[in-house]
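Here is how the chains run, residue by residue.
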Amino acid sequence: MKEFFKFVQKEFLHIFRDKRTILIVLVMPVVQIILFGFAISTDINNVRVDIVGDIRDNKVREIAERIDNNKYLDVVSEYEFVTMINDRFRRGKSDVAVCFEQDFSKKLEKENSASVRIIGDGSDPNSAQVIANYVMGIINDENLELGQGGIDRGGEMEKMMPPVKYQYNPMMKSSYNFVPGVMGLILMLICSMMTAISIVREKETGAMELLLVSPVKPIWIIISKALPYMVLSAVNLVTIFLFSHYVLNVLVRGSLSLIAFVSFIFILTSLALGLLISIMASTQRVALLISGMGMMMPTMIFSGIIFPCESMPVVLQYVSDIIPAKWYIIMIKKIMIEGVGIAYILKELSILSLMAFILLFTSVKLFKTRL
């Protein structure tokens, strides 16, 4: 065991001696969590809303004020005629128009019914849908208070839909979706990239001969290479959690010990994958190319960070099943956001553990004891 700890010590010295490695391992995750947390967001702020109708009408003015008080919406203009809407959309002065019929308050009082239309720009379909949902939510709240029947979308009166309630993310913060995904992406790339160059570096520097003539078995050589990066990955994990909680305000409903255990299995899987690349690659450049460029795109596309795996064609869903980050992100979302226990993640945990075992076993088998 003395020789094994010497190998571990040597690997730590290699890491701390190289400033670029320290920059990648410890600084890059902090920068990524900040950039992903703030730059990548499905929230739409400062939505420009036009109020079309008689603003002197008490109920129209009340709804307009409620819209303007919403943190995502700003009432930028008020006018009476719908013919002005197209021109304002074309000039880029408005994102959505809320149109009230004439004598809106009187019809509410006498007929218990009055029509409201929401007209969106629609040039960006995704944004238009989100904006329309913002406005519909406010009007539905108003209808709920009045005991009204609903919203008129496109001219036809509809019965009011029941208020939408989001059990685990009532404010619909996009950070609740992106933080688990960013955790998987960062840990996957950092662990695999750093370990990918660990063994191939020994080949290039000629130090592999010293490793092979040592009494340490291949399995212990591989573990000694992985252990320092496992420690640094644990530091990254704590850093990510601190930033996500105190900077991005993401609450953790589940067990921290379960999150730590699941993260350990994922880190082990990522390290094993990096070691396998390191054993198979001939140079550090090739190892970095495979672990960096070759893994970043598949991880981002097929792990569910950006695109739901369930929406993909069946063939691509099978491809996503071999991406370790997919199973980790599913578990982290369930634990962090839903607060579930281990009984609810046994399938994903079993698959990820099996991946870790297969990758480690393959790395040991492919490790050449002779040059």
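Everything discussed here concerns the structure shown above.
What counts, and at which threshold
Residues numbered from 1 in each chain as written. Predicted model: local features only at pLDDT ≥ 70, side-chain atom pairs only at ≥ 80, totals over all residues. Heavy atoms only, no water. Helix = DSSP H or I, 4+ residues; strand = E, 2+ residues; numbered from the N terminus. Buried < 20%, exposed > 50% of the residue type's maximum accessible area, 1.4 Å probe, protein only. Contact = heavy atoms within 4.5 Å. Areas by Shrake-Rupley, 256 points an atom, 1.4 Å probe, with all protein chains shown as cover. Axes fitted to C-alpha atoms, helices over the stretch in contact; angles between N-to-C directions. Left-handed = near helix turned anticlockwise from the far one by under 90°. Nonpolar A, V, L, I, M, F, W, Y, C, P; charged D, E, K, R; others polar. Pairing = 2+ DSSP bridges. Core = buried A, V, L, I, M, F, W, Y, C linked by side-chain atoms within 4.5 Å. Salt bridge = Lys/Arg side-chain N within 4 Å of Asp/Glu carboxyl O. Patch = residues over 30% accessible without salt bridge, like charges linked within 9 Å, V, L, I, M, F, W, Y side chains within 5 Å.

Peer 1: Is there a simple way to explain the overall build of the protein in this structure?
Peer 2: On a plain count of helices and strands, the protein comes out with 15 helices and 6 strands. Counting across all 371 residues of the protein, residues that qualify as buried make up 44%. Expressed as a percentage of contacts within the protein between residues at least 6 apart in sequence, the contacts between residues at least 24 apart total 75%. Roughly 19,900 Å² of accessible area belongs to the protein as shown, and the carbon and sulfur atoms make up 62% of that amount.

Peer 1: Sorry if this is basic, but what is going on with the packing of helix H14 (residues 324-338) against helix H15 (residues 346-366) here?
Peer 2: The geometry of a pair of packed helices is captured by two quantities: the angle between their axes and the separation between those axes. Relative orientation of the contacting elements H14 and H15 amounts to 145°, with a least axis distance of 9 Å. Here H14 runs over H15; the crossing is left-handed. Contact with H14, carried on its side by Pro324, Trp327, Tyr328, Ile330, Met331 and Lys334, involves Lys347, Glu348, Leu349, Ile351, Leu352 and Met355 of H15 and no other residues of that element. Grouping the amino acids of the contact of H14 with H15 by side-chain chemistry returns 9 nonpolar, no polar and 3 charged.

Peer 1: What is the right way to read the sheet that holds strand E1 (residues 47-52) from this model?
Peer 2: Where strands meet in a sheet, backbone hydrogen bonds hold them as pairs that are either parallel or antiparallel. Strand order in the open sheet made by the 4 strands is E2-E1-E3-E4, with mixed pairing throughout. Since the sheet does not close on itself, it has two edges, and those belong to strand E2 (73-79) and strand E4 (116-120), each with one partner. Strand after strand, the sheet turns through a mean of 25° between neighbouring axes, direction not considered. Here strand E3 (residues 96-100) runs beside E4; their pairing, made up of 5 bridges, is antiparallel. Bridge pairing in E4 places alanine 97 opposite isoleucine 119. Contacting E1, E2 and E3, helix H3 (residues 58-69) runs over the sheet at an angle of about 145° to E2.

Peer 1: Would you take a moment to explain unusual backbone geometry for this structure?
Peer 2: Note: most peptide bonds trans; most residues except glycine with negative phi. For aspartate 103, which is not a glycine, the phi torsion comes out positive at approximately 55°. Following the sequence through the fold, aspartate 103 ends up in the loop between E3 and helix H5 (104-110).

Peer 1: Can you help me understand the nonpolar core in this one?
Peer 2: Side chains of nonpolar character tend, in soluble globular proteins, to be buried together. Within the largest apolar cluster, 65 residues are counted, with the highest numbers of intra-cluster contacts made by Met183, Val262, Tyr328 and Met336. Of all the secondary-structure elements, those providing two or more residues to this core are helix H7 (175-205), helix H9 (218-246), helix H10 (256-280), helix H12 (293-302), H14 and H15. Considering every element that reaches this core, the biggest residue donor is H7, with 17 residues. Counting residues in each nonpolar core, the second largest holds 24 residues, with Val49, Tyr72, Ala114 and Val135 among its members.

Peer 1: What am I meant to see in the pattern of salt bridges here?
Peer 2: Side chains bearing opposite charge may pair, as long as their charged atoms lie close to each other. Scanning all chains against the criterion turns up 7 salt bridges. Note that lysine 59 and glutamate 62 form a salt bridge whose closest N and O atoms lie 3.0 Å from each other. Residue lysine 59 and its partner glutamate 62 are located together in helix H3, separated by 3 residues, close to a single helical turn. Given the relative accessible area of 14%, lysine 59 is considered buried. With relative accessibility at 34%, the residue glutamate 62 sits in the partly exposed group. In this structure, a network of salt bridges that share partners links the residues Asp54, Arg56 and Glu80.

Peer 1: Teacher, can you tell me more about a nonpolar patch on the surface here?
Peer 2: Taken together, the side chains of Val238, Leu242, Tyr246 and Val247 present a nonpolar region at the surface, about 400 Å² in accessible area. Of the residues examined, valine 238 reaches a relative accessible area of 49% and is grouped as partly exposed.

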